[in-house]
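Coordinates in review
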Amino acid sequence: MHDLTGFQRDLLYIVHGLAEPHGLAIKDEIDEYYQQDIYHGRLYPNLDTLVEKGLVEKGEKDGRTNVYATTQRGERELTARGEWESQHAPTQLS
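Residues numbered from 1 in each chain as written. Predicted model: local features only at pLDDT ≥ 70, side-chain atom pairs only at ≥ 80, totals over all residues. Heavy atoms only, no water.

Brief notes about the overall build of the chain
- The number of helices and strands found in the chain is four helices and two strands.
- Helices and strands appear in the chain in the N-to-C order α-α-α-β-β-α.
- Taken along its principal axes, the extent of the C-alpha atoms in the chain is 45 × 30 × 25 Å.
- Scored against the burial criterion, the 94 residues of the chain give a buried share of 31%.
- Here the contacts in the chain between residues at least 6 apart in sequence split such that 46% fall between residues at least 24 apart.
- Accessible area of the chain: about 6,400 Å², with a carbon and sulfur share of 46%.
- Treating the 10 positive side-chain charges of the chain as one cloud and the 17 negative ones as another, the clouds have centres 4 Å apart. (Helix = DSSP H or I, 4+ residues; strand = E, 2+ residues; numbered from the N terminus. Buried < 20%, exposed > 50% of the residue type's maximum accessible area, 1.4 Å probe, protein only. Contact = heavy atoms within 4.5 Å. Areas by Shrake-Rupley, 256 points an atom, 1.4 Å probe, with all protein chains shown as cover. Lys, Arg positive; Asp, Glu negative; His and termini not counted. Charge placed at Lys NZ, Arg CZ, Asp CG, Glu CD.)

Take a look at the structure:
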């Protein structure tokens, strides 16, 4: 995950955390997190990067709707990231 942007990491967390991760649901979550409208021209190329890196799989739901799922590699990367964060995060923030 060291080669991902922060935005791409956030997308990976969102894909992993949603029950039915499709484009619009991911967009809604990332819009809410960033507290601004994220344009399709930013969202979908970054999702495609996650697919290209083997962290996310992309499929079709109904011919119009793309669905996404975290791959096993993506899940391993998220687990490793969580362990790294817990080693480096302060135990208590002031």
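Some words on empty space enclosed by the protein
- Counting across every chain of the model gives one cavity of 30 Å³ or more.
- As a volume, the largest cavity reaches approximately 30 Å³.
- In this structure, the largest cavity is lined by Met-1, Asp-3, Leu-4, Lys-53, Leu-55 and Arg-73.
- Residue composition of the lining of the largest cavity, grouped by class: three nonpolar, no polar and three charged. (1 Å grid on protein atoms, 1.4 Å probe; cavity = no way out; pocket = protein on both sides within 12 Å on 5 of 7 lines; lining within 4 Å. Points joined across faces, edges and corners; volume = space filled by probe spheres on them. Nonpolar A, V, L, I, M, F, W, Y, C, P; charged D, E, K, R; others polar.)

Re the packing of helix H1 (residues 6-17) against helix H2 (residues 23-34)
- For the pair H1 and H2, interaxial distance at closest approach is 10 Å and the crossing angle is 125°. Compared by their axis directions, H1 and H2 come out oblique. Two packed elements cross with a definite hand, and for H1 against H2 that hand is right-handed. Note on element contacts: H2 touches H1 through Ile-26, Glu-29, Ile-30, Tyr-33 and Tyr-34, opposite Gly-6, Phe-7, Asp-10, Leu-11, Ile-14 and Val-15.
- Class assignment of the residues belonging to the contact of H1 with H2 gives a composition of eight nonpolar, one polar and two charged. (Axes fitted to C-alpha atoms, helices over the stretch in contact; angles between N-to-C directions. Parallel < 35°, antiparallel > 145°, perpendicular 65-115°, else oblique. Left-handed = near helix turned anticlockwise from the far one by under 90°.)

Some words on the pattern of salt bridges
- Evaluated as defined, the whole model comprises five salt bridges.
- For the salt bridge of Lys-27 with Asp-31, the shortest nitrogen-to-oxygen distance reads 2.8 Å. In this pair, Lys-27 and Asp-31 are both assigned in helix H2, four residues apart and thus about one turn of the helix distant. For the pair Lys-27 and Asp-31, one class covers both residues: buried.
- For Arg-81, the salt bridge is made with Glu-85, and the minimal N-O distance between the two is 3.0 Å. Note that Arg-81 and Glu-85 are positioned in helix H4 (residues 72-88) at a spacing of four residues, about one turn of the helix.
- Via salt bridges that share partners, Lys-27, Asp-31 and Asp-37 belong to a single interconnected network. (Salt bridge = Lys/Arg side-chain N within 4 Å of Asp/Glu carboxyl O.)

Side note on the nonpolar core
- Leu-11, Leu-12, Ile-26, Leu-47 and Leu-50 are the most contacted members of the largest nonpolar core, which has 19 residues in total.
- Of all the secondary structure elements, the ones that give two or more residues to this core are H1, H2 and helix H3 (40-52).
- A per-element tally of this core places H1 first, with five residues.
- Sequence-distant contacts of Leu-47, defined by excluding residues within four places in its chain, comprise Leu-11, Val-15, Ile-26 and Tyr-68. (Core = buried A, V, L, I, M, F, W, Y, C linked by side-chain atoms within 4.5 Å.)

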